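Next come the chains, spelled out residue by residue.
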Amino acid sequence: MKNLFRTTIICVGALAITSCNDWLDTKSDSQLEESALYSSIEDIKLATYGVYADLCDEPYTQLMTIHQGAGTDIELIDGIGQTAVGDNERGGLNYNATTSWAKLGTLWEKQYKTIEDCNRIADGIATSPLATDPEVMKYSAEVRVIRAMVYLDLIRVFGDIPFQWNGAKSDLSNVNVSKTDRDVILDALIADLENVVAEDKLPWCGDGTTSEHINMGYARGLLANIYMTRAGFALREDNNANAEAGGYSSTKKVAAGYVKTDPYSGTDTYSDDTYQTLRPSDADRAALYTKALEHLKAVIDKGVHQMNPSFADEWDKLNKLELDQTYYENMFEIPMGFGISGELGYSIGVRMNGTTTDWGFSNSSGKVKTTAVHLYSYAPCDTRRDISCIAFELKNIDRTGLTNSNMEEEIGGITVPVETETGSAVTAESLVKNKPWGLYLGKWDVRKMSERWKVQNRTASLKFGYGINTVRMRYPQILLWYAECENELNGPTTAAKDALKAVHARAYNDAPATSYNEVSTASGELAAFNTDVDNATTKDEFLALISLENALEFCGEGFRKWDLIRWNKLHDAIVKAKKDYVDMREGDNGTKVFQEKVYFKYKDYEEVTDENGNVVKLMAPEKSIDWSSVTWYGTDGTNKPPLGSDPSKDKTWVNSHGYRYAKKASDGYDYPGFGKDNKDLNGQSYVMNSFGQEYANFDIEFSTICGGLVGTWDGTDCDDSELKVKNRYLMPIYNNVLSSSNGRLYNSYGY
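Residues numbered from 1 in each chain as written. Predicted model: local features only at pLDDT ≥ 70, side-chain atom pairs only at ≥ 80, totals over all residues. Heavy atoms only, no water.

Q: Honestly, the overall build of the chain in this entry has me stumped. Any pointers?
A: Scanning the chain from N- to C-terminus turns up 27 helices and 16 strands. For the chain, the residues scored as buried account for 59% of the 751 residues in total. Within the chain, counting contacts between residues at least 6 apart in sequence, those at least 24 apart form 74% of the total. As displayed, the chain has an accessible area near 28700 Å², and 49% of this comes from carbon and sulfur atoms. (Helix = DSSP H or I, 4+ residues; strand = E, 2+ residues; numbered from the N terminus. Buried < 20%, exposed > 50% of the residue type's maximum accessible area, 1.4 Å probe, protein only. Contact = heavy atoms within 4.5 Å. Areas by Shrake-Rupley, 256 points an atom, 1.4 Å probe, with all protein chains shown as cover.)

This is how it looks when you write it as structure tokens:
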């Protein structure tokens, strides 16, 4: 990708919208007339590119895609304990948001700025003499799809919001408006996107466009998702005077036929009388799902978008800023621009703890985490596990054990740093110690980034934009949504089951035949999953399998939260994850899932490319862990120590599987060094058990995870009353936004 050139063009386009006082004015110093702007195809094109520049700002570099996507059963913000309250993302994403959280104001203002830009272009094109030109109609379609995406995201975060469908009038009479029922907004988005599809001026990927532009596949996928959101559960306004007058209070919605009954079990869902969670009637819900299914099937039948056969390769390409122009799995990517924008890899991704020899400046924070419970939800051979769940950091560590003679013999004279008995700084993967809800997310990974990134970061002293595109939709979502719609309308049909199986099967394309710990085989795991799918006979059973696959496939991507909310499963999923952790730590009948010690091996070699482009193997002095060797499931293929004894004394299994011991330096080393902290065994001790060590503030940290939504249970025996608190996951409107609205806006949901 020519990111730098592309971004320059986009920024020029941004000036066309945001600073249009004199950008093409040859007559006077006054602002260019709107009518003149929309009389030129080139000007319309530049204005449209300006909207893409809007998307490179905070909402889609961080606020919407990283912050607001956290707070689920598998994605946690890095703020628990005393930091889980307060007027920032740590408080907000543990559902203790305040009206003083300034980033909520930033999200609101910048998203409405994008909407205003889209409105102006859509209005201008509609009255332009070029309105029926096919290229101009394409630009109109692009901004209308972006407008729908932004509105949907605002509704997801804030609920009922002001609705502005036209550019601002000179007297601002249509700017400072009150809230509109979100269903009215969603219906308007649906009607407009149906027109976009009917106009048929958007190309499909590969037909003169790439996934970095709005395309027909994404437009149809977004439209289907809006239908499904409209059909799903939503937290409704309490019965205040404004909501009553506007017709969108809980009382008004119930009077209009909305219900709080689970569609499958027929029981009341997680809700309460004040902050009610409701969905449309059965008939309306079915009609909406029918339309969603129509658009999802159109995407599938077109065949343009497919899954990359390799899950790992798709993420390698994204990290290297390479577009997948074979499978188009990523259906729309916001083009960020290297060194200019992009938080992926910094605020979320593999953690680089301090400046390192190999990678340079500590350009990462790893703000969003996943959990040990989620790591163990993957079957041993599922290739997504070691990409999604990262139990290590990259940092410089003193390593010992290599000698000059060893290195010269192994690497054929290639010059690399020599390790001595006193050690030297080597950038290594180092397992984190006992972080059951603090594992990193590895889909964004400095080790996978381009050589261009590495060169810049080795000399960097400040944070800079990684340029990794923000992916707004992947093809596996289309398949899982299709399975969901089929299930909702017809139960778990063969077509629904085949779509679900296809997503799961892709995770095994690169899998080893047998897991290292001999726990299971890839074919056995896949067969077991397919059997579970085949045996699902009810809608509820099948939706549970879809939800599991959703978690396995999309961990960390900021998608899951909105599906859980549609299903009204957010609260239940978080509670289940907490209970699962306690069960896995304490165990039933004395059996624990988490081991007392995790063993692993470092790779003997690291493949690198020399100056002539030849791949050479260098001795890897404890740099890269062989993740297939990690004994997540116990050293004998179970969750118990070998022969029920201390692994440090009974070495039978450890030795037979190649876990070697470091000898004294004077005798040489069997294996290239174990580091100063692990000379006895190549293993990481967790004292009590891996990911489950007791510590002083365990009760505080455990209880505060998403505590504002699911209560402050401390992990001991409890009843359900401790897990059901105020039904509130929507965010408040920022104080300054309220104060500038002249009383037209207000907060609900107890804020």
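Q: Mind showing me how you'd approach the packing of aromatic side chains here?
A: Each aromatic ring pair is summarised here by two numbers: the centre-to-centre distance and the angle between the ring planes. For the structure on display, the rule yields 18 aromatic pairs. For the pair Y112 and Y151, a centre-to-centre distance of 6.4 Å together with 85° between the ring planes defines the contact as edge-to-face. Here Y112 is found in helix α6 (residues 102–126), whereas its partner Y151 is found in helix α7 (residues 134–158), with 39 residues between them in sequence. Classification of Y112 by relative accessible area gives buried; the value is 10%. Measuring from centroid to centroid gives 5.5 Å for W315 and W444, while their planes differ by 80°, and the two rings are edge-to-face. Of the two residues, W315 sits in helix α13 (residues 311–319) while W444 sits in the loop between β9 (424–431) and α17 (451–459), which places them 129 residues apart along the sequence. Relative accessible area serves as the criterion here: at 3%, W315 is assigned to the buried category. In this structure, K179 packs its charged tip against the face of Y746, placed 4.2 Å from the ring centre. Over the aromatic face of F702 sits the side chain of K578, whose NZ or CZ is 5.2 Å from the ring centroid. (Phe/Tyr/Trp six-rings, centres within 6.5 Å; stacked < 30°, edge-to-face > 60°. Lys NZ or Arg CZ within 6 Å of the ring centre and 35° of its normal.)

Q: When you look at the nonpolar core in this model, what are you seeing that I'm missing?
A: Taken as a class, soluble globular proteins show a tendency for nonpolar side chains to be buried jointly. Of all hydrophobic cores here, the largest spans 179 residues; its most connected members are V145, F158, I161, L222, I226, W453 and W632. Not counting chain neighbours up to four residues away, the residues in contact with W453 comprise F338, M352, W359, V446, F464 and Y466. Judged by nonpolar contacts, the second largest core, of 5 residues, contains C381, A507, Y508 and A511. (Core = buried A, V, L, I, M, F, W, Y, C linked by side-chain atoms within 4.5 Å.)

Q: Please clarify how unusual backbone geometry should be interpreted in this entry.
A: Of all residues except glycine, most have a negative phi; of all peptide bonds, most are trans. Positive phi, normally seen in glycine, also occurs at Y95, with a value near 65°. On the basis of relative accessibility, which here comes to 3%, the residue Y95 falls in the buried class. Within the chain, Y328 stands out as a residue other than glycine whose phi angle is a positive 50°. Along the chain, Y328 falls in the loop between α13 and β6 (330–334).

Q: Please explain the confidence of the model for the chain as it appears in this structure.
A: Low pLDDT means the predicted atomic positions in that stretch should not be read closely. Per-residue pLDDT for the chain has a mean of 83; in total, 79% of the residues score no lower than 70. When the criterion is pLDDT under 50, residues 1–32 qualifies, and its contacts beyond four places in sequence or with other chains add up to 61 contacts. Between residues 660–689, whose pLDDT stays under 50, and residues either more than four places distant or in other chains, the model counts 88 contacts. (pLDDT = per-residue confidence, 0-100.)

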